[in-house]
Amino acid sequence: MTTVSRREHDLLGEREVPVDAYWGIHSLRAMENFPITGTPISVYPQLINALAAVKEAAALTNEELGLLAPEKAAAIVTACREIRAGKLHEQFVVDVVQGGAGTSTNMNANEVVANRALELLGHAKGEYRHLHPNEDVNLSQSTNDVYPTAVRIAAITAVHGLLQATAVLQDAFAEKAFEFRDVLKMGRTQLQDAVPMTLGQEFSTYAVMLDEDRNRLAEAVELIHEINLGATAIGTGLNAPAAYAETARRHLAAITGMPLVTSANLVEATQDCGAFVQLSGVLKRLAVKLSKTCNDLRLLSSGPRAGLNEINLPAVQAGSSIMPGKVNPVIPEVVNQVAFEVIGNDMTITMAAEGGQLQLNAFEPIILHSLAKSITSLRAACLTLAERCVVGITANVDELRAAVENSIGLATALNPYIGYTAATAIAKEALLTGRGVAELTLEKGLLPAERIAELLTPERLTGAEVRPVA
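Note that this is a predicted model, so its numbers are computed, not measured.

Draft legend 1. Fine view of a nonpolar patch on the surface. Residues Leu191, Leu299 and Leu308 make up a contiguous nonpolar surface patch of about 270 Å² in total accessible area. Here leucine 308 is to be found in the loop between helix H10 (274-300) and strand S7 (311-312).

And the structure:
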């Protein structure tokens, strides 16, 4: 009969593990203990690749320091490189949210690497007397330095993807700003008519806000490059040789291509999650500003008959199951919802970082999960907003100009030349009668027609030319 399971043991006893599984008894217990989100760690490939990179760096370091036999090191390194190439990710089965400060994730990685290395050495899975998950793959390590280091590497990789996506969205807004550079419209404060501007100026602000957030994000991710690999359990480096931390950092930097640095105080680094809090805060900042931008797009496109109707968003789907012809701003709406989630994730990360005690923060799994969701969703939201919405926005030029010409906000432009009292009276009469500000100013003999025309040119109203001294 074909064997369908193998027997493995740990400190709690023995269990049957599927014979073809690369994971082992520790992963099995974790699956039973943590049926929390239904999301296995394999959902985050950056994390799996980061774990494999750490294990590869550790094996190379242990071999270099004479702690690991070359044939074992070679098998571990090959297994890790296969994982980083995309193989065996489905074997990372433990739930992303787990107790134990990430121990289940670390052991899942140890077991998968060990069992693949055993195959490479010509042994069956589970024959740990030849190569052991703890004694060989986890040599000179602890979950408490492996897991935080892997989370940092995964976060760096993910943030680089987000930076690229925000650049795409920034460029889309900048292109629209240029396209709409001569489109005159009314600006608004507190949803009331303010003074004229161009639609290009309005869209340029969205590009500038994204540029600011990209700079802040790049700054925040720099802090994540500080790792605690070599700290082992609490930062004292117990069971790792003195040269381990620097040697492992060197190998890991070469493997990842990242300028990683070892923390100056590994005891502090093992318990402090401040860099994650800062990164999450910048993600929240980006989310808040993206949501504000989408609020604007929904307002500006509201209507088409009973709203502002200043711009048209691309129609991407039917808007109602009951109202014929209705089209909704569904792309800005989904970005709004992503922003709401990111803001909530930031609170989760804040509380998880605060909740650590003494020499270790046990809550880094939820920090990882929350950061990964925020970064992944924001990246998708930026690309979706750019490609499915912004690039296709058009302006209702005639309606925008008519609103300017009919606005009492023009009285503000005449204020320095006819005085605040007279300008207020003109604005009030214009509002009551529906007549234009320019018409009333001319009728009352406050300024000649040529001067009114000069003061109300689009270039002057929008700040595109230097204003003459009155």
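Draft legend 2. Geometry of the environment of leucine 414. As for its position among the elements, leucine 414 is in helix H14 (residues 410-418). For the pair leucine 414 and leucine 455, spaced 41 residues apart in sequence, the C-alpha separation works out to 7.2 Å. Sequence-distant contacts of leucine 414, defined by excluding residues within four places in its chain, comprise Gly419, Val437, Thr441, Leu447, Leu455 and Leu456.

Draft legend 3. Structural detail: the side chain of aspartate 145. Its place among the elements puts aspartate 145 in helix H6 (residues 143-179). An unpaired buried charge is present at aspartate 145: no salt bridge exists, and lysine 55, the closest side chain of opposite charge, is 7.3 Å distant.

Draft legend 4. Structural view of the nonpolar core. Of all hydrophobic cores here, the largest spans 112 residues; its most connected members are Phe203 and Leu385. Examining the composition of this core, we find that 17 residues originate from one element, H6, more than from any other. Each residue touching leucine 385, except ones within four places of it in the same chain, is listed here: Leu169, Leu290, Cys294, Leu297, Ile331, Val335 and Val390. Counting residues in each nonpolar core, the second largest holds 21 residues, with Tyr417, Ala422, Leu447 and Ile452 among its members.

Draft legend 5. Up close: the packing of H6 against helix H12 (residues 364-388). At a minimum axis distance of 8 Å, the contact between H6 and H12 shows a crossing angle of 15°. One element, H6, and the other, H12, form an angle in the roughly parallel class. For the crossing formed where H6 meets H12, the hand is left-handed. Residue composition of the contact of H6 with H12, grouped by class: 19 nonpolar, 2 polar and 2 charged.

Draft legend 6. Local environment of the pattern of salt bridges. Counted according to the given criterion, the structure contains 28 salt bridges. One salt bridge connects aspartate 10 with arginine 29, and the closest N-O pair in it is separated by 2.6 Å. Of this pair, aspartate 10 sits in strand S1 (residues 5-10) while arginine 29 sits in helix H1 (residues 25-33); the two residues are 19 residues apart in sequence, bridging distant segments of the chain. The pair aspartate 10 / arginine 29 is uniform in exposure class, with both members buried. As a salt-bridge pair, glutamate 443 and arginine 435 come within 2.4 Å of each other at their nearest N and O atoms. When its relative accessible area of 26% is taken as the criterion, arginine 435 is described as partly exposed. Salt bridges here are not isolated pairs; linked through shared partners, they connect Glu82, Arg116, Glu119 and Lys125.

Draft legend 7. The arrangement of the packing of aromatic side chains in detail. Scanning the entire structure with this criterion turns up 4 aromatic pairs. When the centroid spacing of 6.0 Å and the interplanar angle of 50° are considered together, the rings of phenylalanine 173 and phenylalanine 203 count as tilted. Remark: phenylalanine 203 occurs in helix H7 (residues 199-223) and phenylalanine 173 occurs in helix H6; sequence separation between them is 30 residues. The pair formed by phenylalanine 173 and phenylalanine 203 is uniform in burial state, with each residue classed as buried. Ring geometry for phenylalanine 203 against tyrosine 206: centres 5.6 Å apart, planes inclined by 70°, an arrangement best described as edge-to-face.

Draft legend 8. Broad picture of the side chain of serine 370. Structurally, the position occupied by serine 370 is in helix H12. When its relative accessible area of 2% is taken as the criterion, serine 370 is described as buried. Among all residues touching serine 370, those that are not within four sequence positions of it are Asn345, Thr348 and Ile349.

Draft legend 9. Representation of helix H2 (residues 45-64) within the structure. Over its 20 residues, H2 runs 28 Å from end to end, which matches the ideal 28 Å to within 8%, given 1.5 Å per residue. The buried count for H2 comes to 14 of 20 residues, which makes it a mostly enclosed element. After H2 finishes, the residue glycine 66 shows a positive phi value of roughly 80°.

Draft legend 10. A look at the pairing of strand S2 (residues 13-18). The sheet contact formed by S1 and S2 spans 6 bridges and is antiparallel. Residue pairing across strands places aspartate 10 opposite glycine 13, the latter belonging to S2. Counting the residues that bridge the hairpin from S1 to S2 gives 2 residues.

Draft legend 11. View of the environment of valine 404. Inspection of the secondary structure puts valine 404 in helix H13 (residues 397-405). The buried category is assigned to valine 404, whose relative accessible area is 3%. Separated by 33 residues in the primary sequence, valine 404 and leucine 371 place their C-alpha atoms 45 Å from one another. Beyond its immediate stretch of four places on either side in the chain, valine 404 contacts Leu184, Lys185, Met186, Pro196 and Leu410.

Each value, and the rule that gives it
- Residues numbered from 1 in each chain as written.
- Predicted model: local features only at pLDDT ≥ 70, side-chain atom pairs only at ≥ 80, totals over all residues.
- Heavy atoms only, no water.
- Patch = residues over 30% accessible without salt bridge, like charges linked within 9 Å, V, L, I, M, F, W, Y side chains within 5 Å.
- Areas by Shrake-Rupley, 256 points an atom, 1.4 Å probe, with all protein chains shown as cover.
- Salt bridge = Lys/Arg side-chain N within 4 Å of Asp/Glu carboxyl O.
- Helix = DSSP H or I, 4+ residues; strand = E, 2+ residues; numbered from the N terminus.
- Contact = heavy atoms within 4.5 Å.
- Buried < 20%, exposed > 50% of the residue type's maximum accessible area, 1.4 Å probe, protein only.
- Lys, Arg positive; Asp, Glu negative; His and termini not counted.
- Core = buried A, V, L, I, M, F, W, Y, C linked by side-chain atoms within 4.5 Å.
- Axes fitted to C-alpha atoms, helices over the stretch in contact; angles between N-to-C directions.
- Parallel < 35°, antiparallel > 145°, perpendicular 65-115°, else oblique.
- Left-handed = near helix turned anticlockwise from the far one by under 90°.
- Nonpolar A, V, L, I, M, F, W, Y, C, P; charged D, E, K, R; others polar.
- Phe/Tyr/Trp six-rings, centres within 6.5 Å; stacked < 30°, edge-to-face > 60°.
- Expected span 1.5 Å × (residues − 1).
- Pairing = 2+ DSSP bridges.

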